[in-house]
Amino acid sequence: MISFYPGPSQLDAQVGKWMQEAVDQGILSINHRSDSFMEMMAQTKSALTRHLDIPSGFEIIFTSSATECWEMISQSALKGISLHIFNGAFGEKWYNYAHNIKKGSEEYPFGLQEVLPVDELLVPIMAEIVCITQNETSNGTQVKNDVIKYLMKSSPTTLVAVDATSSLGGIALDLSQADIWFASVQKCFGLPAGLGVMIFSDRAVERIKEIGEKDHYNSISTTLAFGKLNQTAFTPNVLSIYLLGKVAETRVPISKSGNSTAKRAEILYDFFENNTPFTPLIRNQEVRSDTVVALKGSADQIALAHHFSEKAGLLLGKGYGKWQKETFRIANFPSHTDSDFDQLIDLMKSSF
Ligand SMILES: *Cc1c(COP(=O)(O)O)cnc(C)c1O
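Structural notes, computed from the coordinates. Each chain has its residues counted from 1, following the order in which its sequence is written. Confidence filtering applies because this is a predicted model: local features only for residues at pLDDT of at least 70, side-chain atom pairs given and counted only at 80 or more, and all residues used for totals across whole chains, interfaces and linings. Hydrogen atoms and water are omitted, and side-chain values are computed over all heavy atoms in the structure.

### Side note on the sheet that holds strand 11 (residues 279–280)
Okay, step 1: Two strands are counted as paired when DSSP detects at least two bridges linking them. Runs of H or I in DSSP of at least four residues are treated as helices and runs of E of at least two as strands, each being numbered from the N terminus. Pairing in this open sheet of 4 strands is antiparallel, and the strands run 11-12-15-14 from one edge to the other. With one partner strand each, in any of the chains shown, strand 11 and strand 14 (317–318) form the two edges of the open sheet.
Okay, step 2: In this structure, strand 14 lies alongside strand 15 (residues 327–331), joined through 2 bridges in antiparallel fashion. Looking across to strand 15, one finds that Lys-318 is bridged to Phe-328.
Okay, step 3: Against the sheet, helix 9 (residues 254–275) contacts strand 11, strand 12 (292–296) and strand 15, and its axis sits at roughly 10 degrees relative to strand 12. Contact criterion: two residues are considered in contact whenever any of their non-hydrogen atoms come within 4.5 Å of each other. As a rule, the C-alpha atoms of each element are fitted with a line to give its axis, helices using only the stretch in contact, and angles between N-to-C directions run from 0 to 180 degrees.

### A short note on the sheet that holds strand 8 (residues 159–163)
Okay, step 1: Taking strand neighbours across the sheet as the criterion, the 7 strands line up as 2-10-9-8-5-3-4 in an open arrangement whose pairing is mixed. With partners counted over all chains shown, the strands left at the sheet margins are strand 2 (59–63) and strand 4 (106–109), one partner each. For this sheet the average axis-to-axis angle between neighbouring strands, irrespective of direction, equals 20 degrees.
Okay, step 2: The pairing of strand 9 (residues 180–184) with strand 10 (residues 196–200) spans 5 bridges and is antiparallel. Bridge pairing in strand 10 links Ile-180 to Phe-200.
Okay, step 3: Against the sheet, helix 4 (residues 89–101) contacts strand 3 (82–86), strand 4, strand 5 (129–133), strand 8 and strand 9, and its axis sits at roughly 160 degrees relative to strand 3.
Okay, step 4: Set on the sheet, helix 6 (residues 202–211) makes contact with strand 2, strand 8, strand 9 and strand 10; between it and strand 10 the angle comes to about 95 degrees.

Spelled out as structure tokens, the structure:
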């Protein structure tokens, strides 16, 4: 079966081989304070740095999920409140988690077809961190690099935190233009779920050290201190850290390969618009996602699309949240081959 679900999604073709390697090398039985673990973790971090073009001075830590990253930020990276700008279900969930931890945290919803309204935010903001979702997996919108850059410029003392769960490793993101980035590995990295990655600018690291929050098992300042030693606070998901290193080492740097994701997205949007009863949910091309293609249609036609696909061994992503009935989603991740998409397109041609 080929999974076009936007996470968990199609595994990288080499995952099985790497898992066996991890078993054979004994890496899964070693102590997480041992030299071989620290060496493995250092390798993963440097492979990831090369693959994603992580600026020097930035720090990488591992968590269990993107959801954990949401809470860690509210817990450890601010004293006051965060501001959440979102247009979909994941951004809103993040806001809800943040609000539970820091009660005054604010929300700023914006429209589905709109570019994130940085200009309106030029009013002085009280928030210590502005939080955005680079790729909103629920509706297939994205915030482009230049908008994030503008957001950073417009609020010089405010940190910018970016949920890039369904885009990090799929498109080229200018990581120098925000302070905190995070993702989990079951989306663009094509790995089994159970690991989150978090990246901090030097400015963010400084702020977190200043705040010095150490009350939790996953306090960021503690996690960063262990990270410096290539260790973790608790026994981590060693297999996932190993697999992430392998995937990052093997893939072409995202600055070179990210464009092909965008090109493939364009082909998909065009194909569906012109050859099927479905249209892109997002009409504004400026904000359309490259990695998650959301398509709109009648409930009956969507049911048919799922039916035909399943019979052909292809799994489409269901609609999410309030778009559940009228949309379906197709992940366009690096683990998907061109031939996977040829199969999907051929099937759609013959079905509709
Ligand atoms: C999938 C997803 C999450 C949640 O990821 P978990 O690893 O399940 O915590 C958060 N944000 C976005 C944008 C996502 O796509």
